[in-house]
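Spelled out, the chains give:
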Amino acid sequence: MLIEIDFQSEEALYMQLRNQIVLGIARSVIQEGDALPSVRRLAEDIGINMHTVNKAYAVLREEGFVTIDRRRGAVIAVNDDCARAREEMRERLRIMLAKGICKNISRADVHAMVDDIYGELLSENGAEIKIE
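As a starting point, this report considers the structure included with it. Worth saying up front: this structure is predicted, and the values here are computed from it rather than measured.

## Observations regarding the overall build of the protein chain
Consideration 1: What the protein chain contains, in helices and strands, is 5 helices and 2 strands.
Consideration 2: Each helix (α) and strand (β) of the protein chain, taken in turn from the N terminus, gives the series α-α-α-β-β-α-α.
Consideration 3: Across its three principal axes, the protein chain shows a C-alpha extent of roughly 50 × 35 × 25 Å.
Consideration 4: Looking at the protein chain as a whole, 27% of its 132 residues are labelled buried.
Consideration 5: In the protein chain, the proportion of contacts linking residues at least 24 apart, taken out of those at least 6 apart, comes to 60%.
Consideration 6: Surface accessibility of the protein chain: about 9,400 Å² in total, with carbon and sulfur atoms responsible for 52%.
Consideration 7: Distance between charge centroids for the protein chain: 5 Å, based on 18 positive and 23 negative side chains.

This is the structure:
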């Protein structure tokens, strides 16, 4: 699995890892039923602490992206609770849109950004994240 961590970023390492895995799922690079690398292996591969990987996996489990299986470890199991996901997205978007309004970003610009990002996620091959 190839994950790029920005050690200079202000974003927490576990959140960077979590975000890249979520992007991998959205891009269909990582699919339902795929096992993620063990905590130890992934920590060694990307040069971070095992507790950081464990925390990222815990967040992914809490958010309904993975289940933890004693034999297989962390396994992609996307939660199909669409209503919950929509409400969470709505709350996060509310804050993002409020920030945009404060910075005079137009409704048209927001719609264009959403369309661009959505299209990118559906069309990218996700080469930067790969499960072996």
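After that view, the rundown keeps rolling.
## Looking at the nonpolar core
Consideration 1: One finds Leu 17, Ile 21, Leu 36 and Tyr 57 to be the most contacted residues of the largest nonpolar core, which totals 18 residues.
Consideration 2: Sorting elements by how many residues they give to this core places helix H3 (residues 50-62) first, with 4 residues.
Consideration 3: In this structure Leu 17 touches Ile 3, Ile 5, Leu 42, Ile 46, Ile 48, Val 53 and Ala 56, once residues within four positions along its chain are discounted.

## Observations concerning the pattern of salt bridges
Consideration 1: All told, the structure shown has 5 salt bridges when counted by the stated rule.
Consideration 2: Put simply, Glu 63 and Arg 18 hold a salt bridge, and the shortest N to O gap is 2.9 Å. A residue pair is termed long-range when its members are at least 10 positions apart, and Glu 63 in the loop between H3 and strand S1 (66-69) and Arg 18 in helix H1 (residues 13-26) qualify at 45 residues.
Consideration 3: By relative accessible area, Arg 18 is classed as buried at 10%.
Consideration 4: For the salt bridge of Arg 71 with Asp 69, the shortest nitrogen-to-oxygen distance reads 3.9 Å.
Consideration 5: Residue Arg 71 is classed as exposed on the basis of its relative accessible area of 76%.

## A look at the packing of aromatic side chains
Consideration 1: Counted by the stated rule, this structure contains 0 aromatic pairs.
Consideration 2: The lysine or arginine in question, Lys 55, covers the ring of Tyr 14, its NZ or CZ lying 4.3 Å from the ring centre.

## Notes on unusual backbone geometry
One can expect most non-glycine residues to show negative phi and most peptide bonds to be in trans.
Consideration 1: Here the phi dihedral of Ser 28 falls at roughly 65 degrees; this positive angle occurs in a residue that is not glycine.
Consideration 2: When you line up the elements, Ser 28 lands in the loop between H1 and helix H2 (39-46).
Consideration 3: For Ser 28, a relative accessible area of 44% puts it in the partly exposed group.
Consideration 4: One non-glycine residue, Asn 104, lies in positive phi territory at about 60 degrees.

## Comments concerning a nonpolar patch on the surface
Consideration 1: On the surface, Met 89, Leu 93, Met 96 and Leu 97 cluster together into a nonpolar patch covering about 390 Å² of accessible area.
Consideration 2: Note that Met 89 resides in helix H4 (residues 82-102).
Consideration 3: Residue class for Met 89 comes out exposed when judged on its relative accessible area of 53%.

Rules used throughout
Residues numbered from 1 in each chain as written. Predicted model: local features only at pLDDT ≥ 70, side-chain atom pairs only at ≥ 80, totals over all residues. Heavy atoms only, no water. Helix = DSSP H or I, 4+ residues; strand = E, 2+ residues; numbered from the N terminus. Buried < 20%, exposed > 50% of the residue type's maximum accessible area, 1.4 Å probe, protein only. Contact = heavy atoms within 4.5 Å. Areas by Shrake-Rupley, 256 points an atom, 1.4 Å probe, with all protein chains shown as cover. Lys, Arg positive; Asp, Glu negative; His and termini not counted. Charge placed at Lys NZ, Arg CZ, Asp CG, Glu CD. Core = buried A, V, L, I, M, F, W, Y, C linked by side-chain atoms within 4.5 Å. Salt bridge = Lys/Arg side-chain N within 4 Å of Asp/Glu carboxyl O. Phe/Tyr/Trp six-rings, centres within 6.5 Å; stacked < 30°, edge-to-face > 60°. Lys NZ or Arg CZ within 6 Å of the ring centre and 35° of its normal. Patch = residues over 30% accessible without salt bridge, like charges linked within 9 Å, V, L, I, M, F, W, Y side chains within 5 Å.

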